[in-house]
Protein chains: 2
Amino acid sequence: MADTKDSILNASERLFAERGFDAVSLRAITTAAGVNLAAVNYHFHSKKQLLQALFTRGVQKLNRKRIALLDAYEAEHGKGPVPVEKLVRAIIEPMFDITGSLSKDSKTFSMLLGRMYSTPEVRLDPAMLSDIENFGKRFEPALRRALPGVVPEDLYWRSFFAIGATAHTLASSQLLQNLSYGLCNPDDRETTLKKLTAFIVAGLKAGSGIKQKKAGKTGTNRRGK
Amino acid sequence: MADTKDSILNASERLFAERGFDAVSLRAITTAAGVNLAAVNYHFHSKKQLLQALFTRGVQKLNRKRIALLDAYEAEHGKGPVPVEKLVRAIIEPMFDITGSLSKDSKTFSMLLGRMYSTPEVRLDPAMLSDIENFGKRFEPALRRALPGVVPEDLYWRSFFAIGATAHTLASSQLLQNLSYGLCNPDDRETTLKKLTAFIVAGLKAGSGIKQKKAGKTGTNRRGK
DNA sequence: GTCTATATGGGGATAGAC
DNA sequence: GTCTATCCCCATATAGAC
């Protein structure tokens, strides 16, 4: 049985993901976790630091899985570059996998993660920072090799956009079902992953075949200005 | 001159965008607006409905501009389809333009809009709904024509991802500056637009038809399931 | 480590004079 | 329409017994 601390983490992960940080009171958390109200402040010192701990735990789990996938792919491809498709997959797939500790709801932390990017309450603590650095050190070179035609600046831009698409998918996938009049089913994990990966890969590769979009040649993209 | 109601709208637009809905008190709003505390409830009945009004006002402004742009592009292209690039541009560009009523800060509503998608407090009121419908009725056919190779289901998926990329850019562009160690400058509006448009267009077109994306050796795009 | 009880403060909303 | 004063609730956080 999870001890008090873990119960709190698991309950708050779910609640924050569902309702957002401000909308969830400590009372709601402790009730859901079956622990005493004062336990949160005893174990985490404050509500903010609880959120902090939550993210740190989640991001670490996440990056461990990502790097494991990358390791596998790199082994598979020997000295050649790992194709972009697989790199994107390695980064994104774990975000749709994380089960927190509740086996029934598979998307709790992912939803929370989707919210994180627009959650100013979260500050990067040292543990999380070093974790993110490790992640970057592993994936950046791999991406560079896989996309030799994309200059570093663009690689940042595009990765940033990719994060946005992913975060939005994690946080608001329900919206898609409405917008598409039921045509798209975001609860189908594998389909979602496939569509998202295809979109991101295309965006990352954009125009990397032949022409650069720098001033000079206008190529197919005529800007009427 | 802005009357009380508008002062409240403008002040709250800025504050909500900067700090988020819950983090901004009515007292902060009325102080910033230079009006009395009770004025908010007098004019908007509640804090939630203030947010509502804010979104309705913003979305209407936004869609008016978008449709005007589309009109212009369609006139320009006669009976032929408007290229995807321009459609994307017509949708996205106004989001980076909106100045609210504060001439000095150009991104207030846009940032707020970026947050909206993960803001459960917002419910679509009738005015906003009909507005969004008009928007869809104008742009959906145009997109279909511009992307004949993309099945409707995928068009929804991809538009959804595009929204995510855009929202993220609007809401957290500051993040990019850090992630890229200063290499990318998200305050440069025109560059941001160009990069974002290129990314989205590539994602929308992904694997459609023949004419684009030859990424050399990794171009093994196994389609079909 | 866990609980009860409480301190302390801020929040949204309103009543009612002007 | 605008203001003052206030109500009342609910939040986080802590003190101190067990």
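Let me begin by describing the structure that accompanies this report. (Residues numbered from 1 in each chain as written. Chains lettered and ligands numbered in written order. Predicted model: local features only at pLDDT ≥ 70, side-chain atom pairs only at ≥ 80, totals over all residues. Heavy atoms only, no water.)

## What to know about the protein's contact with DNA strand D
To be explicit about the condition: If even one non-hydrogen atom of a residue comes within 4 Å of a molecule or strand, that residue is called near it. A 3.5 Å cut-off defines polar contacts: any pair of N or O atoms within that distance qualifies, except that in protein one atom must be a possible hydrogen donor and the other a possible acceptor, and neighbouring residues in sequence count only when both atoms are side-chain atoms. A run of DSSP states H or I qualifies as a helix once it reaches four residues; a run of E qualifies as a strand once it reaches two. Both are numbered from the N-terminal end. When residues are sorted by character, Ala, Val, Leu, Ile, Met, Phe, Trp, Tyr, Cys and Pro go into the nonpolar class, Asp, Glu, Lys and Arg into the charged class, and all the rest, Gly among them, into the polar class.
Near DNA strand D you find 14 residues, and of these Leu 26, Arg 27 and Lys 47 of chain A together with Thr 4 and Asn 36 of chain B are the closest. Counting only atoms of DNA strand D within 4 Å of the protein, the fraction found in sugar and phosphate groups is 52%. A distance of 3.0 Å separates a phosphate oxygen of DNA strand D from a polar backbone atom of Lys 47 of chain A. Within the side chain of Thr 4 of chain B, one N or O atom sits 2.7 Å away from a phosphate oxygen of DNA strand D. Among the elements that make up the surface near DNA strand D, the one with the highest residue count is helix α3 (residues 37–44) of chain B (three residues). Residues of the surface near DNA strand D, tallied by class, amount to six nonpolar, six polar and two charged.

## Some remarks on the environment of Ala 68 of chain B
Residue and element names in this part refer to chain B. To keep it simple, the criterion reads: A simple rule labels every residue: compare its accessible area, found with a 1.4 Å probe on the protein chains alone, to the largest value its type can have, and call it buried under 20%, exposed over 50%, or partly exposed in between.
Within the secondary structure, Ala 68 sits in helix α4 (residues 47–77). Exposure remark for Ala 68: the relative accessible area of 43% places this residue in the partly exposed category. Expressed as a C-alpha distance, the spacing of Ala 68 and Ala 90, which sit 22 residues apart in the sequence, is 8.6 Å.

## Some thoughts on the protein's contact with DNA strand C
DNA strand C sits among 14 residues. The nearest are Thr 4 and Asn 36 of chain A together with Leu 26, Arg 27 and Lys 47 of chain B. Considering the 4 Å shell around the protein, atoms of DNA strand C inside it are sugar or phosphate in 53% of instances. Within the contact set of DNA strand C, a phosphate oxygen lies 2.8 Å away from a backbone nitrogen or oxygen of Leu 26 of chain B. Of all the secondary structure elements, the ones that give two or more residues to the surface near DNA strand C are α3 (38–44) of chain A together with α2 (26–33) and α3 of chain B.

## Let's talk about the relation of the copies chain B and chain A
Heads up, the rule is: When the copies are superposed, the least-squares fit takes in the C-alpha atoms of residues with a pLDDT of at least 70 in both.
Taken as rigid bodies, chain B and chain A are interconverted by a rotation of 180° and an axial shift of 0.0 Å, the fit giving an RMSD of 0.1 Å. Taken together, the rotation and translation relating the two chain copies correspond to the operation of a two-fold axis.

## So, the pattern of salt bridges
It is possible for side chains of opposite charge to pair when their charged atoms get near one another. Where we set the bar: Each reported salt bridge corresponds to a side-chain nitrogen of Lys or Arg within 4 Å of a carboxyl oxygen of Asp or Glu.
Scanning the model with the defined rule gives 28 salt bridges over all chains in all. Glu 93 of chain A serves as the salt-bridge partner of Arg 89 of chain A, at 3.3 Å between the closest nitrogen and oxygen. In terms of burial, Arg 89 of chain A and Glu 93 of chain A fall into one category: buried. Across the pair Arg 57 of chain B and Glu 13 of chain B runs a salt bridge whose closest N-O atoms are separated by 3.2 Å. With Arg 57 of chain B in helix α4 and Glu 13 of chain B in helix α1 (residues 4–19), this residue pair connects regions lying 44 residues apart in the sequence. Neither Arg 57 of chain B nor Glu 13 of chain B differs from the other in exposure class; each is buried. Counted as one network, the salt bridges with shared partners bring together Arg 89, Glu 93, Arg 189 and Glu 190 of chain A.

## Let's talk about the interface of chain B and chain A
Worth spelling out the cut-off: Contacts were defined at the residue level, with two residues in contact if any of their heavy atoms lie within 4.5 Å. Accessible area that two parts lose when put together, evaluated with a 1.4 Å probe and summed over both, is termed the buried area.
Each side of the interface is counted separately: chain B has 48 residues, and chain A has 49 residues. For the chain B face of the interface with chain A, the top three residues by lost area are Trp 157, Phe 160 and Phe 199 of chain B, together amounting to 18%. If you look at where chain B meets chain A, you find two salt bridges. As a salt-bridge pair, Lys 195 of chain A and Asp 154 of chain B come within 2.7 Å of each other at their nearest N and O atoms.

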